[in-house]
Structures are given as C-alpha cells and as structure tokens.
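Chain residues, written in single-letter form:
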Amino acid sequence: MNSLYRDKRFRYIILANVASAIGSGITMIAIPWLLVTSDNGNEVFGYVAICMTIINFILTPYLGYLIDKISRKRMLVSSKVVSLVALALFSGVGFVGMDYELWHYIVIYMIGSLYYTIFYPTMFALNQELFHKNQFKVLNGTMEVQGQLSSMVAGAIASVLLLKWDLQYILLLDVCTYALAIYFFVKIPYGKKRLGITVSGGSKVSASAAIDFMKREPGMFLFLLASSLPFIGVMLTNYLFPVYLADVLKVEGNIYGIQGMVYGLGAVLAGVFIPLAARKFEDVKLVAGMMILFTIAISVMVYLPVGGYLMVMLLIAVGNSGARVARNAFMMERIPNEIIGRVDGLLRTLGLLLRIVLLGLFTGLVSIGHILMCFSILTGILLVASSFVIVYSRRSVRVVEQEVVKV
C-alpha cells in the first residue's frame, strides 16, 4: 500500500482525476436538471439519453481496440483537450449575452457523455498497465474513494450553484478544472508498453481476441456481464431520478445536488471498506453481497419520502461502488493487459445495448406517467442478475477450495 502512495504516477493520476471530476461532475448535475425542467424536458432528456447510448454502443468496441493499440496517456489527454475547447465555446455563448436554448443543453450533455465513454475504460486499462497485481485492490478502492469524494464536492457545489450561478460560469469552472487535469496527466511518466503483439502460443492478437477469450471462459463472461448490472442501473437512474424528484416528489434542484453528495458519501464508504473486506472474502463473494444490497435498495426507495429516499441513496451507492471495486480487481487479476481494452469494451458494448432497450422502454413509460413501473422492471432485472452472480460466486469458491485441498 505504501509503495502505491509513494509512486508519483499514482499521485499525478489522483490529482488529475480530482480536478476533472469536480468540474465535470458539477456540469453533469446541472445539465440534466436544466433539461428535465425545460418544456417537454422529461421526454427530450430520455430521447437524448437513448441517442447517446446508441452512439456510445457504436463507438465502444473501436475505443476498446484503440485502448489496446495506442498510448493510453495520449488518449486521456486528447479527450480532455477536445472537451475543454468545446466547453469553452459554450461558456462563451453565455458571456457574449446569448440565451441558452434546449439544443445547447443537449450538445453539452453529449460532450460529457462522450468524455465519460472514453475516460473510464482508458483509465482502467492505464491503471492495470502501470501498477502491480498486488496493488490492484487498494488501487481500485482508492480510485473509488477519490472519484466519489470528488462527486460529493461536486454535488455540494452544484446544490449551491444551481441556485446562484448562470450556466456560463459553471462551464467556465469545468474548463479550468480540465486544464488543471491536463497538466497533471502530462506530468505522468509513461512509456507505452508493446501490448497486443502476441498471446499464448505466439499468435497475433486480433480484433476478435476479446470474444475468443470470453469463449474460453463463458462462466466468467456471464459473471462479469451480470455484475455490471448495478452500474447499468445507475446509468438508467441518471435519467429516472431527476424525473422522479421533479415530477413525483416535486422538489427543488438543490435536492438533486444533495442526492449527489449522499451518493458520493456511500461510494466513499465502499471504496474504504471493500479493500479491507477483500483480505477476508473472495472478490466474487463481495460482488454478490454488494449486488444484493443494491437490488434491495432500488426496490424500496420509491416508496419512501424525500428523507428516506436520500438515506436509501447511501445504500445504493455502497452497493454499486462496492460491486464495481471488487469486480474491477477481479478483472485486473484475471484478464491480460494486452486485451483488457477489448474485453472491457465488449462487456461495455453489451451493457450499452441493454441500456438502449431499457431507456427506450422507460422513456415511453415516463411519457405516459408510469415512472414507478420503470423501477419495478429494473428491480426484476437486478434480481435475475444477482441470482446468477450468487450461483457463480458459490461455485467459484468451491473450485478454489478443491484446488487448495489438492495442493
């Protein structure tokens, strides 16, 4: 653990992530709220989310290939530079006295969505490339804590800025934090390893390497897919929650910001707890436990008043973030770095396909006033996924115990 914290590469990564996460977090809280509170905003936001999910679905396999083939540091810096320039232009719209219109909100949301699509899998692969296997659990836990502390700060600031600042100032803040993040990323000592050259047996890694790997490990493939459901659920609730708060609970925008703070607190707790729990429990068992917690929380939250809703949000955060930390460590330890981008890309692509289908369904249901039915459907899907993860975790632990007995 101490060696990880002494590593200047790790420190630069943390500083860069904190800088960009606070700025982008504020913007991605503000924009959905501005969208859903606009005329016909609920439906527009749903259709925009569907369109972006389709675009991400198309791009993700190719991004996975690029992650394995070119400098991961260069990908991160380039994506931030492009985002910075785009947001600076939109910030200028407000400063020259023009009014923001619906299409401005839509394009800014699209920029943020594309940025996240590139950033997270690239950062995941870069971390696996830079650090040692015995650091993965602490690394993932620390990254979760950092990310969610940043989200808490973003939520706290957004709850104030949504009432006090015009959008151009929020976007300018995002631009400044991106510039700081670019500086720290540029400072990371990095040389691209010669990844993706060969696999076992000397054969060249092809674009189908991820599919071939998963064919050899079908149980692992289904486990990784099922265990991604909490994250997919959170992405879906990024659409459902602001609609639910605005239309059902009828609260002000500051409550949406407070929700972000509460979620960040729960995720921080998970980031601290999971690496400690991993010393005693297998990753697969931790994933199963966190998925059960997430499913229970989602199933009850819509029956609670605002106070109860925010309390259960803490459990949703613990469940999602805890499952992600344990799942990421599981992937880093078992999937070769030369194909991690494509394997992760394949899983994300399938997850995006599911999100497209569910977003389309949920947008239709919301448009006719059946938002509670959306949460019921999501709960049913989570129950099925959790059941498979529980079965896989029990089988996996039995296999490990049998191997230990043989040794």
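Not measured: the values here are computed from a predicted model. Here the residue numbers are simple positions, counted from 1 along each chain's written sequence. Side-chain atom pairs in this predicted model are given and counted only at pLDDT of 80 or more, local residue features only at pLDDT of at least 70, and totals for whole chains, interfaces and linings cover all residues. Computation of side-chain values: all heavy atoms of the structure, hydrogens and water removed.

A. Here's a closer look at the overall build of the chain. Note on conventions: DSSP H or I runs of at least 4 residues are helices, E runs of at least 2 residues are strands, and numbering of each starts at the N terminus. On a plain count of helices and strands, the chain comes out with 15 helices and 0 strands. Two things to know: the radius of gyration comes from C-alpha atoms, and the globule rule equals 2.2 Å times the number of residues to the power 0.38. By the compact-globule yardstick of 22 Å for 407 residues, the chain fits well, its C-alpha radius of gyration being 21 Å. Overall, the chain is about 70 × 45 × 40 Å in size when its C-alpha atoms are taken along their principal axes. For the chain, buried positions account for 57% of its 407 residues. A sequence separation of at least 24 residues applies to 86% of the contacts in the chain between residues at least 6 apart. Summary of the burial criterion: residues with accessible area below 20% of their type's maximum are buried, those above 50% are exposed, and those between are partly exposed, where the area comes from a 1.4 Å probe applied to protein chains only. Every residue pair with non-hydrogen atoms within 4.5 Å of one another is taken to be in contact.

B. Main features of the packing of helix 3 (residues 41-69) against helix 10 (residues 229-249). All axes are obtained by fitting lines to C-alpha atoms, using only the stretch in contact for helices, and the reported angles, taken between N-to-C directions, cover 0 to 180 degrees. Running from N to C, helix 3 and helix 10 point in directions that differ by 175°, and their axes come no closer than 10 Å. With respect to their mutual orientation, helix 3 and helix 10 come out roughly antiparallel. Side by side, helix 3 and helix 10 meet where N42, F45 and G46 of the first sit next to N238, Y239, P242, V243 and D247 of the second. A per-class count over the contact of helix 3 with helix 10 returns 4 nonpolar, 3 polar and 1 charged. Roughly parallel refers to an angle under 35 degrees, roughly antiparallel to one over 145, roughly perpendicular to one between 65 and 115, and oblique to any angle outside these ranges. Three categories are distinguished: nonpolar for Ala, Val, Leu, Ile, Met, Phe, Trp, Tyr, Cys and Pro, charged for Asp, Glu, Lys and Arg, and polar for the others, with Gly belonging to the last.

C. Looking closely at the environment of I182. Within the fold, I182 resides in helix 7 (residues 167-187). As for I182 and L87, which are separated by 95 residues in sequence, their C-alpha atoms are 15 Å apart. Apart from residues no more than four positions distant in its own chain, I182 is found in contact with V77, K80, V81 and L84.

D. Highlighting empty space enclosed by the protein. For cavity detection a 1 Å grid was placed over the protein atoms alone, and a set of points counts as a cavity when a 1.4 Å probe fits there but cannot get out; an open set counts as a pocket when protein lies on both sides within 12 Å along at least five of seven lines, with lining residues being those that have an atom within 4 Å of a point. Grid points are joined across faces, edges and corners, and a volume is the space filled by probe spheres set on the points. Throughout the structure, instances matching the rule amount to 2 cavities of 30 Å³ or more. If you add up the space inside the second largest cavity, you get close to 70 Å³. The wall of the second largest cavity is formed by S24, T27, M28, S83, L87, I108, I111, G112, Y115, D174 and Y178. For the lining of the second largest cavity, the element with the highest residue contribution is helix 5 (residues 102-130), accounting for 4 residues. A class-by-class count of the residues in the lining of the second largest cavity yields 6 nonpolar, 4 polar and 1 charged.

E. Fine view of the side chain of N17. In this structure, N17 sits in helix 2 (residues 8-36). A relative accessible area of 4% places N17 in the buried class. The residues contacting N17, other than those within four sequence positions of it, are F119, M123, M143, Q146 and F185.

F. Inspection of the packing of aromatic side chains at higher detail. Between rings of Phe, Tyr and Trp, where Trp is taken as its six-membered ring, a pair exists when centres lie within 6.5 Å; planes separated by under 30 degrees are stacked, by over 60 edge-to-face, and by other angles tilted. According to the stated counting rule, one finds 18 aromatic pairs in the structure shown. Of the aromatic side chains, those joined through ring pairs into one cluster are Y115, Y116, F119, Y120 and Y178. Sitting over the ring of Y178, K80 keeps its end group 5.1 Å from the ring centre. Placement of a charge over a ring requires the Lys NZ or Arg CZ to be within 6 Å of the ring centre, with the centre-to-atom vector within 35 degrees of the ring normal.

G. Examining the pattern of salt bridges more closely. The term salt bridge refers to a side-chain nitrogen of Lys or Arg lying within 4 Å of a carboxyl oxygen of Asp or Glu. For the coordinates displayed, the defined rule picks out 9 salt bridges. Here R72 ties to D68 by a salt bridge, and the two come within 3.2 Å at their closest N and O atoms. For D68, a relative accessible area of 0% puts it in the buried group. Salt-bridge contacts for R348 lead to D344; the nearest nitrogen and oxygen are separated by 2.7 Å. Linking R348 with D344, this pair stays in helix 14 (residues 340-367), spanning 4 residues, or about one helical turn. Judged by relative accessible area, R348 falls into the partly exposed class, the value being 28%.

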